[in-house]
Number of protein chains: 4
Amino acid sequence: MPTDTSAEISIFKRRESETRSYCRGFDTVFTRASGSELTDEKGRRYIDFLAGCSSLNYGHNDPDMKAALIEHISSDGLAHGLDLHTDAKAAFLEAFDQQILRPRSMDHKVMFTGPTGANAVEAALKLARKVTGRTNVIAFTNGFHGVTMGALAATGNGYHRGGAGMALNGVTRMPYDGYLPGGADTADYLEAMLNDRSSGVDAPAAILLETVQGEGGLNAASPEWVQRIAALAKDHGALLIIDDIQAGCGRTGGFFSFEEMGITPDIVTLAKSVSGFGLPMALMLVRPQHDIFGPAEHNGTFRGNTHAFVTARVAIRKFWTDDRFQRDVAAKSRLLTAALEEMSELLPGSCLKGRGMMQGLDVGSGELAASICACAFENGLIIETSGSEDQVVKVLAPLTTDNETFLKGLKILRDAIRGVTDSSKFAAE
Amino acid sequence: MPTDTSAEISIFKRRESETRSYCRGFDTVFTRASGSELTDEKGRRYIDFLAGCSSLNYGHNDPDMKAALIEHISSDGLAHGLDLHTDAKAAFLEAFDQQILRPRSMDHKVMFTGPTGANAVEAALKLARKVTGRTNVIAFTNGFHGVTMGALAATGNGYHRGGAGMALNGVTRMPYDGYLPGGADTADYLEAMLNDRSSGVDAPAAILLETVQGEGGLNAASPEWVQRIAALAKDHGALLIIDDIQAGCGRTGGFFSFEEMGITPDIVTLAKSVSGFGLPMALMLVRPQHDIFGPAEHNGTFRGNTHAFVTARVAIRKFWTDDRFQRDVAAKSRLLTAALEEMSELLPGSCLKGRGMMQGLDVGSGELAASICACAFENGLIIETSGSEDQVVKVLAPLTTDNETFLKGLKILRDAIRGVTDSSKFAAE
Amino acid sequence: MPTDTSAEISIFKRRESETRSYCRGFDTVFTRASGSELTDEKGRRYIDFLAGCSSLNYGHNDPDMKAALIEHISSDGLAHGLDLHTDAKAAFLEAFDQQILRPRSMDHKVMFTGPTGANAVEAALKLARKVTGRTNVIAFTNGFHGVTMGALAATGNGYHRGGAGMALNGVTRMPYDGYLPGGADTADYLEAMLNDRSSGVDAPAAILLETVQGEGGLNAASPEWVQRIAALAKDHGALLIIDDIQAGCGRTGGFFSFEEMGITPDIVTLAKSVSGFGLPMALMLVRPQHDIFGPAEHNGTFRGNTHAFVTARVAIRKFWTDDRFQRDVAAKSRLLTAALEEMSELLPGSCLKGRGMMQGLDVGSGELAASICACAFENGLIIETSGSEDQVVKVLAPLTTDNETFLKGLKILRDAIRGVTDSSKFAAE
Amino acid sequence: MPTDTSAEISIFKRRESETRSYCRGFDTVFTRASGSELTDEKGRRYIDFLAGCSSLNYGHNDPDMKAALIEHISSDGLAHGLDLHTDAKAAFLEAFDQQILRPRSMDHKVMFTGPTGANAVEAALKLARKVTGRTNVIAFTNGFHGVTMGALAATGNGYHRGGAGMALNGVTRMPYDGYLPGGADTADYLEAMLNDRSSGVDAPAAILLETVQGEGGLNAASPEWVQRIAALAKDHGALLIIDDIQAGCGRTGGFFSFEEMGITPDIVTLAKSVSGFGLPMALMLVRPQHDIFGPAEHNGTFRGNTHAFVTARVAIRKFWTDDRFQRDVAAKSRLLTAALEEMSELLPGSCLKGRGMMQGLDVGSGELAASICACAFENGLIIETSGSEDQVVKVLAPLTTDNETFLKGLKILRDAIRGVTDSSKFAAE
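The rules behind these values
Residues numbered from 1 in each chain as written. Chains lettered and ligands numbered in written order. Predicted model: local features only at pLDDT ≥ 70, side-chain atom pairs only at ≥ 80, totals over all residues. Heavy atoms only, no water. Helix = DSSP H or I, 4+ residues; strand = E, 2+ residues; numbered from the N terminus. Rg over C-alpha atoms; globule rule 2.2 N^0.38 Å. Buried < 20%, exposed > 50% of the residue type's maximum accessible area, 1.4 Å probe, protein only. Contact = heavy atoms within 4.5 Å. Areas by Shrake-Rupley, 256 points an atom, 1.4 Å probe, with all protein chains shown as cover. Lys, Arg positive; Asp, Glu negative; His and termini not counted. Charge placed at Lys NZ, Arg CZ, Asp CG, Glu CD. Buried area = accessible area lost by both parts, 1.4 Å probe. Salt bridge = Lys/Arg side-chain N within 4 Å of Asp/Glu carboxyl O. Polar contact = N/O pair within 3.5 Å; in protein donor to acceptor, adjacent residues only side chain to side chain. Nonpolar A, V, L, I, M, F, W, Y, C, P; charged D, E, K, R; others polar. Pairing = 2+ DSSP bridges. Least-squares fit on C-alpha atoms with pLDDT ≥ 70 in both. Phe/Tyr/Trp six-rings, centres within 6.5 Å; stacked < 30°, edge-to-face > 60°. Expected span 1.5 Å × (residues − 1). Arc of directions from axis to C-beta.

What to know about the overall build of chain A
Consideration 1: Secondary structure summary: chain A contains 14 helices and 18 strands in total.
Consideration 2: At 22 Å, chain A has a C-alpha radius of gyration in line with the 22 Å of a compact globule built from 429 residues.
Consideration 3: Dimensions of chain A, computed from C-alpha atoms along their principal axes, come out at roughly 60 × 60 × 45 Å.
Consideration 4: Buried positions account for 68% of the 429 residues belonging to chain A.
Consideration 5: Long-range contacts, defined as pairs at least 24 residues apart, comprise 72% of the intrachain contacts of chain A with a sequence gap of at least 6.
Consideration 6: For chain A, the exposed surface amounts to about 13,000 Å²; the carbon and sulfur share of it is 48%.
Consideration 7: Computing the positive centroid from 42 side-chain charges and the negative centroid from 53, chain A places the two 3 Å apart.

Pasting the structure below:
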């Protein structure tokens, strides 16, 4: 394996597509990762407040998952099993049934889609259209659901939409909770549009939403709003799809982001942290009455990542058998809120965004947010932005981060904010 | 882990979506896999002529890849690295550069898409549209490119298209090599359509094709036809996209299925066997002048499956450093042709389809083909069908299958054909 | 010619499509029409407050247009001239130039589209997309722009949209002036959506609106709102298209409905009353810099109804040479407002809608509105409804209606309202 | 009215859109028209072999229609009647019923669409989709059906398609009779595509075709081919739509172009010559079982051009009460064929196209065809081209042209061909 950095960087420049992205902001070559820390080839360690965009909610290389996966591979467990029955899948389903679905009284069927979040969203939209015989899907401002053509139509981000190279159809855009100027109720507006036979909004197959918009800038919907939307979906014969790809798997406290909201989505999409270990895996939960795809009607070669089943089973058994993990996340979330509030005072005009362990600071400009992240990286913290102008500094630490590391990371962030503020003051003088 | 079969089967019935598919034809619970064999929970062993639909060209749990992967995991190598630079990715790119691209004089850039074939196709279509500023894509009868909305528009299969729940746009369908009645030249027809300003076929962004249509029934295009299509693409300002997801990675002999054809595609999509180990991984090769996506313009959380980089590197170094593997595959392909020719004589009206290690027998009806596969499964062989009526029995054995096992598998298949033929003769009498 | 009513009615039932519509509410056979009156085959006379849905702003068979048309036909003037130069077209263009465009400082070119309003809208949308290279068009709730596929995508009415039999693409729906609950400013909302790069609203080719929504329920936008929208269009590189098909040609006072608003649309569509005589004619006004269609790029056999040029020229010279007609319409509009206010008092909960000679009464329910119209018809008045629930009784009298006839018609309407109110009171008791 | 030419031409340049087209090739101002002749403002007379693109099959200002129209206008007959019952409509329907539909055993209902051919096609496509619940429509290479978005999707012409400014969806393009290289049967190919569940051609709502492609280059389908297509439509649950807008109303001999073919279309679209006088009028014939649009579901203000009803009735009663007119057209068609054969000999490589009174000469290049038309115009003949390269000189004389005038026109055409041939020979020397 090559050890010379410049050689390694050069192969990326020479052969990897210009589409590469995160490596531009964090320009080093990573070699090892454990818990909440990454190490680069020079041995430098970084606290990880990005966590694979919430794909590593349980941190890097969790020792129990790691052991189980090595055991599985060592004993010639299947790596690739199409959608055949395997013991690994059975064990995952049993765990998911017992620890996740049944305690929450969810009768949903589990559909393993291609192992990307976008694929789960594609499956969800296709299914909702098939179930209802309708085409139109309601999606919201600043929503992010992936970049394949079906999912991209529902994604708000203009940069990604521009990548399509053609018009994106089948989606009506509505304002998310809090979007309307003057604070008008966006659920009222949606209701008016759906009730009005001449509004131009066709009867929807589905209403698709994230309860917290991760990429869209950590906009958190109120429970009341989500309930209103759920009721509107029901009243108008549309399926309610909760895209819990980023906000699920513990990120906002419960396993699902909507647990405290008193709603039962018709479809839930999960990906990112569902494998527990960062392995590609995605699934869709669907109520039995809507589970009407024929065999392989939505298919894909990798719709059964057996390695991921192994780690996902361990994750569920380890973290979701009792409520200790959840209480821990709740405590850490409060700590995060307090820390961000303190930082916000350093930056007049900034404000807190988000919910649970998916909070951040809207600093008002993408340029400023980028400076803060760059400064943090210099000091050993990996952290990213989100929002339509990349103006929100987003803390997505592993949920398992120990308090010492967490506080250390937050301190680096606070210092970065202070540094940037000082230098801009300096510049202004 | 549960050991009782009925319990395991019951969790699938209870919780897994009705979309599950292969498990219906091969109704047992698999627990172990090695080389060209699968083992179920009862200890029964099966020869695998399905090979993860060509995702396991090097067999199950190749010992060298396995060792490297365990070593990587044990030493806390990254499991999930977004698109950050990692040593594992660098090592893969170096190997791919040295063993695959440079020897074939290919200057293509490597873009890691979401780890499904469909995602690579979506990226390819988006990029071709962006590069050309055109919308229309030419795809062919019986082509299969995935089931997310962008890829599905290019897929011919009506059952999968029906799953979309809405119209699929942006693709013009043209007849594949040999499709026209009376043997008229389909390249001539395409040329006429493209040259005719009133044909109703808009100037294409891309022409997308498989050189052998795996799902479409093992239709193999002639090199001359592929060359004609490549020339037409060039003349009409369209990108030539070769979807090598099923036919690539050695399946037809060379690493790419088009190597002997004297063409240079603008874009190549790879997935399935590219990780070598059956792990989810997909990529797109694109000529540098067309590598114009901005950073993360096409993105996805799992567009960097580090475990897959590890095994993919080993696969390339192990199998593609010299031509031994290729010669082996060629020899096995001839053996396969001979065996299928013999079987064809048992079934009047049947005919051989395909190329290389992607050959099969068109037995004329889906019902008959299904009987053959069911009978083979009873006798310890896993084999599947393809084609518009599922009428083609398709041999997709691992390329690394030793001759003894291969012949054993072929014997089971021949016996199944004979059995089915006899019983239908019997029924007819 | 048949004289027996039942015979005539029977041919309609036997041979005319079930799509026929107005004849169901006004179930008699009309034979003659003059000024503001229609006569049926039994000699019964009706005051016409429908005026061909505003296609007969100058009444039926205006004597000067009639004379000019007969003279044209008698002397073998062309009836059909494709888009050849004819003296009739030249004379119309001269009149339109001198009396309409120049006095309003409009430098627009005149494009004769197919002779339907929908065709003019189709041409406008196509042109805006071609000019900007963008696809998305902003249209508004309750807008009505025609039922051919391009125009229908912009039309809000769900009943008509349902007739498409397929998804309607390329349009983003936004709330019209006053549509948002709680009175939030819809221009603010549109501005927020257009400024937000992640709103999911793609950069628009055009913003398309009616200043008064005729079919949508006589919703009248404020001048300030229209100015805001015009400014937003300009700021965001979109063309402003005013669909003046129903509200133009004097219906709201000026020749164009937007004259007093201080805006210059990039494109204006006209149809309905532009021929003056009820003959099929439509046109599109487009600023010279956007007049980029090639010869016949948008074409149609009837894009030059020479008879209509003759009557349109007379209409312009007769009514728009000085401001007498405009003052007259303004006076009649005030009279109409006063009469409707009086009627509104008879119907608690009802409210006035509209502007100029395109006003009506929102009576709260489609059933009630239908009863009123039916009762009016029995008493010799032809009047129709509009709105998403057909709940608005709409007065669209010819602008040339003499005061006596106008008051007579309004009296019949008032009596119908009173009658319906009484009978429902009676029913309630 | 202006009398100075330069003034008139200048108003067109100053105010008419650059989209104007025919006036560029025939650059004079026409003032009078009668029978088969046009007169310009300088008194120059032209023989008309364009006939309003087949909108003037009975010539200009037919005296009987003219008289009836003047009588109608003089006596205050309605000019605009929405879709109210009028005596004029009843009389037209009676005539159409008695002289056209009943003698041909057609039970179709008559739907009056907006008065353009494109509008009738839009209505037909919408209805077929609604009836079948399917989206896809099969249309053919070189077909021309109008330029509004729904119809344009079915139109083959690339120049017009380019005017859309966005992708055109919902149509699958198939090769017209004779289009395939090597003479392969295009009906066989369509059958293969429709029978193949993986062809990628979705089950069609309709198959839409012209029996002679007027704009597409006078391609005439054989009766056997049309029968095959009709049978395929029936077998596959699709509606057969014959677009008889250009080829109908006597142009190919019978009232409908398909009369001798032994088929019954589900829908027929008519426009152009259906009014008889060149007035805007279009209609759609639909079998009763498919007449399922609700009232006004497809609507439009001008869907009832009363003046056109008057002239259309006279046309039907005058020309279609017995078979004299048909025999006359047949004789003239033979004369035309003979004349074109003679001309073809002057131009090696040229060939005859078309059928009936819709024949022409494919001269191999658009430039040559344009020269011929320009030369003919100088000598007093108005004639135009069609085809994908405008390479077909198309004779579309009024069907009522007397033999003397017809021969005179043909002589001018022959001289033009000879002249162009001579001068190009001269140039070549």
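Structural notes on the interface of chain C and chain D
Consideration 1: The interface of chain C with chain D comprises 113 residues on the first partner and 113 residues on the second.
Consideration 2: Here chain C packs against chain D, burying approximately 10,000 Å² in sum over the two surfaces, 60% of which is carbon and sulfur.
Consideration 3: Counting the surface chain C buries against chain D, the share from its top three residues, R15, H85 and F302 of chain C, is 9%.
Consideration 4: Counting every contact that joins chain C to chain D gives 12 salt bridges.
Consideration 5: With a closest N to O distance of 2.5 Å, D97 of chain D and R14 of chain C form a salt bridge.
Consideration 6: Taken together, chain C and chain D are joined by 58 residue pairs in polar contact (both at pLDDT 80 or more).
Consideration 7: Here the side of chain C that touches chain D is composed, by residue class, of 47 nonpolar, 36 polar and 30 charged.
Consideration 8: By the bridge criterion, 2 bridges tie strand β1 (residues 29-34) of chain C to strand β4 (residues 85-86) of chain D in an arrangement that is parallel. Along β4 of chain D, the bridge assignment pairs F30 of chain C with T86 of chain D.

Describing the side chain of T385 of chain C
Residues and elements named next belong to chain C.
Consideration 1: One can find T385 in strand β17 (residues 384-386).
Consideration 2: Residue class for T385 comes out buried when judged on its relative accessible area of 14%.
Consideration 3: Engagement of the side chain of T385 in a polar contact is seen with the side chain of E384, the distance being 3.5 Å.
Consideration 4: The residues touching T385, leaving out its near neighbours within four places in the chain, are A369, A370, C373, D390, V392, V393 and K394.

Thoughts on the pairing of strand β15 (residues 358-362) of chain A
All names here are of chain A.
Consideration 1: When you tally the buried positions in β15, you get 5 out of 5 residues, the bulk of the element.
Consideration 2: Across the two faces of β15 the burial is the same, with M358, G360 and D362 and Q359 and L361 all buried.
Consideration 3: Note that strand β14 (residues 351-355) and β15 share 5 bridges and pair antiparallel. Residue pairing for β15: K353 is matched across the bridge by G360.
Consideration 4: Where β14 folds back onto β15 in an antiparallel hairpin, the turn is made up of 2 residues, including G356, whose phi is positive at roughly 60°.
Consideration 5: One ladder, built from 4 bridges, connects β15 with strand β18 (residues 392-395); its direction is antiparallel. Bridging across to β18, Q359 finds its partner in V395.

Details of the relation of the copies chain C and chain D
Consideration 1: Superposition record for chain C on chain D: RMSD 0.0 Å, screw rotation 180°, translation along axis 0.0 Å. Accordingly, the operation relating the two chain copies is best matched by a two-fold axis.
Consideration 2: Mapped onto chain D, 100% of the interface residues of chain C are again interface residues, and the two copies thus contact each other with one and the same surface.

Focus on the interface of chain B and chain A
Consideration 1: The interface is formed by 112 residues belonging to chain B together with 114 residues belonging to chain A.
Consideration 2: Counting each side, the surface lost to burial between chain B and chain A is near 10,100 Å², with a carbon and sulfur contribution of 60%.
Consideration 3: Considering only the surface of chain B that becomes buried against chain A, R15, H85 and F302 of chain B emerge as the three largest contributors, covering 9% of it.
Consideration 4: Taken together, the links from chain B to chain A amount to 12 salt bridges.
Consideration 5: Residues E16 of chain B and K89 of chain A are paired through a salt bridge, measuring 2.9 Å at the closest nitrogen-oxygen approach.
Consideration 6: Here chain B is connected to chain A by 57 residue pairs in polar contact (both at pLDDT 80 or more).
Consideration 7: Classifying every residue of the side of chain B that touches chain A by side-chain character gives 46 nonpolar, 36 polar and 30 charged.

Points about the packing of aromatic side chains
Consideration 1: Considering all chains together, one arrives at 82 aromatic pairs over all chains under this definition.
Consideration 2: With a centroid separation of 5.4 Å and 80° between ring planes, the pair formed by W320 of chain B and F325 of chain B is classed as edge-to-face.
Consideration 3: Here W320 of chain B falls in the buried class, since its relative accessible area comes to 6%.
Consideration 4: Among the aromatic residues, those joined into a ring-pair cluster are Y58, F92, F96, F112, F255, F256, F258, F309, F319, W320 and F325 of chain A.

What to know about helix α13 (residues 366-378) of chain B
Residues and elements named next belong to chain B.
Consideration 1: Over its 13 residues, α13 runs 18 Å from end to end, which matches the ideal 18 Å to within 8%, given 1.5 Å per residue.
Consideration 2: All buried positions along α13 are accounted for by A369, I372, C373, A376 and F377. Down the axis of α13, the buried set is contained in an arc of 135°. They therefore lie on one face. Residues E367 and E378 are exposed on α13 and point more than 90 degrees away from its buried face.
Consideration 3: The N-capping residue of α13, defined by a side-chain oxygen 3.4 Å from the backbone nitrogen of E367, is S365.
Consideration 4: Two residues or fewer after α13 comes G380, characterised by a positive phi angle close to 95°.

Purely geometric numbers; function is a separate question.
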